[in-house]
Amino acid sequence: MTDEDDFTAYVAARTPALSRTAYLLTGDAHLAEDLVQTALYKAAKAWHRIDGDPDPYVRRILYTQNVSWWRQRRLAETPLGDHDRPARPESDVALRLTLEDALARLTTKQRTVLVLRFFEDLTEVETGRALGIGTGTVKSTTRQALGRLRTLVPELAELIGEPS
Amino acid sequence: MTTERLRDELSRVAEAGPTARIAPDTWRRARRARTRDRVVGVAAVIAVVVLVGGLAVTGLPHRAGTPVASGDGLAVPDRLYAVPDRMAARRDDDSWARSEVTNDLTIGRGAAAWVMPEGLPVVVDAAEGAYHLLDLPGFSGNDRLTTLAQQPGLALSPDGRRLAYGYGDPGPQDDDRPVPSGVRVIDLESGDVRTIPVTGGEGTVVGRLRFSPDGRWLVWVGRRLASWTEGSIGGGTSVAGRIAPGATTSEAMTGLGKGVEADMAGDVGIDDRGVVQVLTNRSLVAWDGRVLSRRRLAEELLGPIAVRLDGSALAVSGSDGTALRRLDPATGRITEVVNDGPYLDPVGWLEDDDTTLVVVKGGEFTTPTALAIAGPDGVQTVARLEDGLPTPSIAVDLVSAEQPTVRRPAPDWPWSDTARTAAAVAAVVAAVVAALAALLALRWARRRQPRSPR
């Protein structure tokens with residue numbers, strides 16, 4: 001199996017999962033697609049140096065590229081209109097809209113930390129490492145992000161729990 | 001907190017996002033780009049050879065002399081520069097590619113040390129402020145995969161004489177056995193290496209290391225892995241240990257309580273008697289082979305912990321990171337030192353003083369921006385940290401209120417490929433322009449010559 005075959009197989013298998021993470025990180029379908037495409041392009045350039053499972057490597061590119069874009073362009077954090085959102089099933093629509101809107105109103109750092117901690121299941125240390133910030137900052141940012149979600153959308157309090 | 005439900009809801013939101021359409025030519029474009037990079041690199045080398053040859057003929061102008069340190073003796077520089085990432089280039093086998101990376105560890109006392117995001121350790125010496133890129137034996141940052149699982153641990157002793165780091169670099173032979181790993185301590189004056197193995201699991205990646213104020217004791221926090229080979233890493237639990245002065249064994253820190261052992265993300269500190277303080281959530285646990293005390297704190301505090309020289313106080317951050325607190329380990333009493341301003345990470349206490357050296361952090365991602373002395377009289381910046389520099393470990397004993405830092409020459413890194421290419425192109429363009437100008441001048445001069453009458 002050649003490197004190209006490996007890469008193609010990886011893209012086929014992991015693009016849906018990478019897309020989900022990218023969508024949560026960016027909150028926007030188009031940006032998420034660009035983010036995944038860029039991460040895979042960069043991974044392909046360095047494919048010969050990746051030993052073992054490429055997934056951690058590609059995911060790390062995904063996280064840092066998102067932060068890098070934000071730093072470069074200070075992307076607007078308001079969500080795009082509903083026409084950019086794909087159709088959803090009917091169940092729990094109200095709750096998802098609320099959580100999605102609330103996520104969009106967090107700062108990039110807060111949203112990124114939240115996604116890495118609670119969706120990607122990274123530990124505080126791993127999250128700090130991935131984003132180049134201290135563990136203490138991860139802790140405080142997580143707390144701030146959850147606090148802000150509670151303030152923004154009180155009905156989410158049950159979902160994310162009360163402050164400890 | 002019902003994080004399971006939050007995770008479920010995040011998953012549902014994520015499911016609503018469309019799957020990215022990846023361009024089918026991604027692989028080919030990436031490989032072409034890589035080939036292009038290589039061609040540009042080779043072209044740059046050729047251009048540089050031509051340029052250097054040309055300059056050797058015409059004579060090189062002398063560069064302005066590097067600035068001279070205004071302070072004498074051993075000291076911390078008043079500015080620390082990020083090392084260009086090209087200096088951490090690796091070969092295909094992950095070894096460091098640049099000739100500037102050395103395994104000569106006898107560099108004299110260090111002033112500052114850090115690990116580049118690429119995993120390469122850097123030590124700035126205290127005598128001249130020179131930057132040393134070190135190929136440390138078995139350093140866990142040498143393995144790219146390991147750095148993904150755990151930030152490689154590295155710490156400079158307060159007097160700058162010793163450098164401690166986590167080792168554990170899996171090879172092909174480690175597929176069937178635990179990876180030999182633990183802590184190594186280098187004497188930067190003699191180059192001697194002390195190895196302190198840590199056993200258990202498939203190996204332990206040591207993440208954080210803290211020296212006692214006198215630099216004799218060490219405490220570390222790491223991750224004992226359930227799987228660790230050359231091609232895989234994962235699982236495991238948080239572990240911590242204490243290393244006595246001169247010891248070649250580590251004492252496992254057990255009996256801290258399930259909650260504390262599961263969450264070592266707070267921080268640890270150790271005093272000159274070897275008593276370890278563990279800060280996690282709202283508790284402070286004192287440990288000396290067994291738990292001495294367990295105190296519930298009035299507010300949540302964050303590490304890093306800086307232990308006062310006499311062990312009578314700890315410097316820590318407030319929970320929002322924007323305040324500096326003084327914590328009495330004997331009583332759990334908390335006193336505000338600085339209550340506003342940027343994020344402050346305590347580094348260490350100054351000798352015979354009630355002030356602490358802190359790393360000032362700023363920006364959205366709270367990156368290090370400066371070193372400062374913080375105390376009841378406020379925060380005084382004493383050194384600038386260049387953008388992109390990770391949080392450094394500092395030889396605090398070399399910092400005093402009278403002479404906090406000194407001016408040192410900026411590091412002189414070799415040109416990047418881009419700069420070389422630009423210089424080569426500029427030289428070629430300049431040569432062509434000069435030749436054209438000479439040609440035009442010659443023709444103009446010939447036309448100006450009076451023609452002889454026929």
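The structure displayed is predicted, hence computed values, not measured ones.

Here is what the cut-offs are and how they apply
- Residues numbered from 1 in each chain as written.
- Chains lettered and ligands numbered in written order.
- Predicted model: local features only at pLDDT ≥ 70, side-chain atom pairs only at ≥ 80, totals over all residues.
- Heavy atoms only, no water.
- Helix = DSSP H or I, 4+ residues; strand = E, 2+ residues; numbered from the N terminus.
- Contact = heavy atoms within 4.5 Å.
- Core = buried A, V, L, I, M, F, W, Y, C linked by side-chain atoms within 4.5 Å.
- Buried < 20%, exposed > 50% of the residue type's maximum accessible area, 1.4 Å probe, protein only.
- Domains from an automatic or database assignment.
- pLDDT = per-residue confidence, 0-100.
- Patch = residues over 30% accessible without salt bridge, like charges linked within 9 Å, V, L, I, M, F, W, Y side chains within 5 Å.
- Areas by Shrake-Rupley, 256 points an atom, 1.4 Å probe, with all protein chains shown as cover.
- Salt bridge = Lys/Arg side-chain N within 4 Å of Asp/Glu carboxyl O.
- Pairing = 2+ DSSP bridges.
- Axes fitted to C-alpha atoms, helices over the stretch in contact; angles between N-to-C directions.
- Polar contact = N/O pair within 3.5 Å; in protein donor to acceptor, adjacent residues only side chain to side chain.
- Nonpolar A, V, L, I, M, F, W, Y, C, P; charged D, E, K, R; others polar.
- Expected span 1.5 Å × (residues − 1).
- Arc of directions from axis to C-beta.

1. Quick word on the overall build of chain B
Secondary structure summary: chain B contains 5 helices and 28 strands in total. Intrachain contacts of chain B at a sequence separation of at least 6 include 54% that bridge at least 24 residues.

2. A few points about the nonpolar core
Counting 52 residues, the largest nonpolar core has L24, V36, L40, L62, Y63 and L114 of chain A as its most contacted members. Sorting elements by how many residues they give to this core places helix α1 (residues 3-26) of chain A first, with 8 residues. Among the domains, domain 1 (1-87) and domain 2 (91-164) of chain A are the pair contributing at least three residues each to this core. Dropping the residues within four chain positions of it, V36 of chain A is found in contact with T15, L18, S19, A22 and L62 of chain A together with A20 and I22 of chain B.

3. Some words on the confidence of the model for chain B
Residues and elements named next belong to chain B. Within chain B, residue pLDDT values average 84, and 87% of them lie at 70 or more. For the stretch residues 56-71, pLDDT sits under 50, and the model shows 12 contacts to residues farther than four places along the chain or on other chains. Contacts for the low-pLDDT stretch residues 450-454, under 50 throughout, to residues beyond four places or in other chains number 0 contacts.

4. Comments concerning a nonpolar patch on the surface
On the surface, a cluster of nonpolar side chains totalling about 360 Å² of accessible area is made up of V428, V432, L436 and L439 of chain B. Tracing the backbone shows V432 of chain B in helix α5 (residues 417-448).

5. Comments concerning the pattern of salt bridges
Residue and element names in this part refer to chain B. Across all of its chains, the model carries 24 salt bridges over all chains by this definition. The closest approach of N and O atoms between D267 and R208, which form a salt bridge, is 3.3 Å. Of this pair, D267 sits in strand β16 (residues 267-270) while R208 is found in strand β10 (residues 204-211), placing the two residues 59 residues apart along the sequence. We classify D267 as buried; its relative accessible area is 2%. Across the pair R242 and E251 runs a salt bridge, and its minimum N-O distance is 2.8 Å. Judged by relative accessible area, R242 falls into the buried class, the value being 7%.

6. Examining the sheet that holds strand β8 (residues 182-187) of chain B
Through backbone hydrogen bonds, the strands of a sheet pair up, either in parallel or in antiparallel fashion. Residues and elements named next belong to chain B. The antiparallel open sheet is built from 4 strands, whose spatial order is β6-β7-β8-β9. Pairing within the sheet leaves two strands with one partner each, and these edge strands are β6 (154-156) and β9 (193-197). In this sheet, adjacent strand axes meet at a mean angle of 15° when their direction is disregarded. Pairing of β6 with strand β7 (residues 162-167), which is carried by 3 bridges, proceeds in the antiparallel orientation. By the bridge assignment for β7, L156 is matched with L163.

7. A short note on the sheet that holds β10 of chain B
All names here are of chain B. Taken in spatial order, the 4 strands of this open sheet run β10-β11-β14-β15, and their pairing is antiparallel. Unpaired on one side and paired on the other, β10 and β15 (251-252) mark the two borders of the sheet. Two strands pair when backbone bridges link them, and strand β11 (residues 218-224) and strand β14 (residues 237-243) are joined in this way by 7 bridges, in the antiparallel orientation. Note on β14: the bridge partner recorded for G222 is V239.

8. Section: the side chain of D267 of chain B
At 3.0 Å, the side chain of D267 of chain B and the side chain of R210 of chain B are in polar contact. Ignoring anything within four residues of it in the chain, the contact list for D267 of chain B reads R208, R210, Q277, V278, L279, G303, P304 and I305 of chain B.

9. Things to note about the interface of chain A and chain B
Across the contact, 65 residues belong to chain A and 53 residues belong to chain B. At the junction of chain A and chain B, the tally comes to 4 salt bridges. Across the salt bridge formed by E33 of chain A and R21 of chain B, the nearest N and O atoms sit 3.4 Å from each other. Viewed at the interface, chain B and chain A are joined by 8 residue pairs in polar contact (both at pLDDT 80 or more). When residues of the side of chain A that touches chain B are traced back to their parent elements, those giving at least two are α1, α2 (29-45), α3 (55-73), α4 (93-104), α5 (108-119), α6 (124-131), α7 (135-152) and α8 (157-160) of chain A. Element by element, the count of residues in the side of chain A that touches chain B is highest for α1 of chain A, at 10 residues. Across the side of chain A that touches chain B, the residue classes tally to 27 nonpolar, 13 polar and 25 charged.

10. Brief notes about helix α1 (residues 3-15) of chain B
Residues and elements named next belong to chain B. Along its 13 residues, α1 runs 18 Å from first to last C-alpha, staying within 8% of the 18 Å computed at 1.5 Å per residue. Those residues of α1 that fall on the buried side of the exposure criterion are L6, R7, E9, L10, V13 and A14. On an axial view of α1, the arc spanned by its buried residues comes to 165°, and they lie on one face. Seen from the buried face of α1, the exposed residues on the opposite side, beyond 90 degrees, are E4 and E15.

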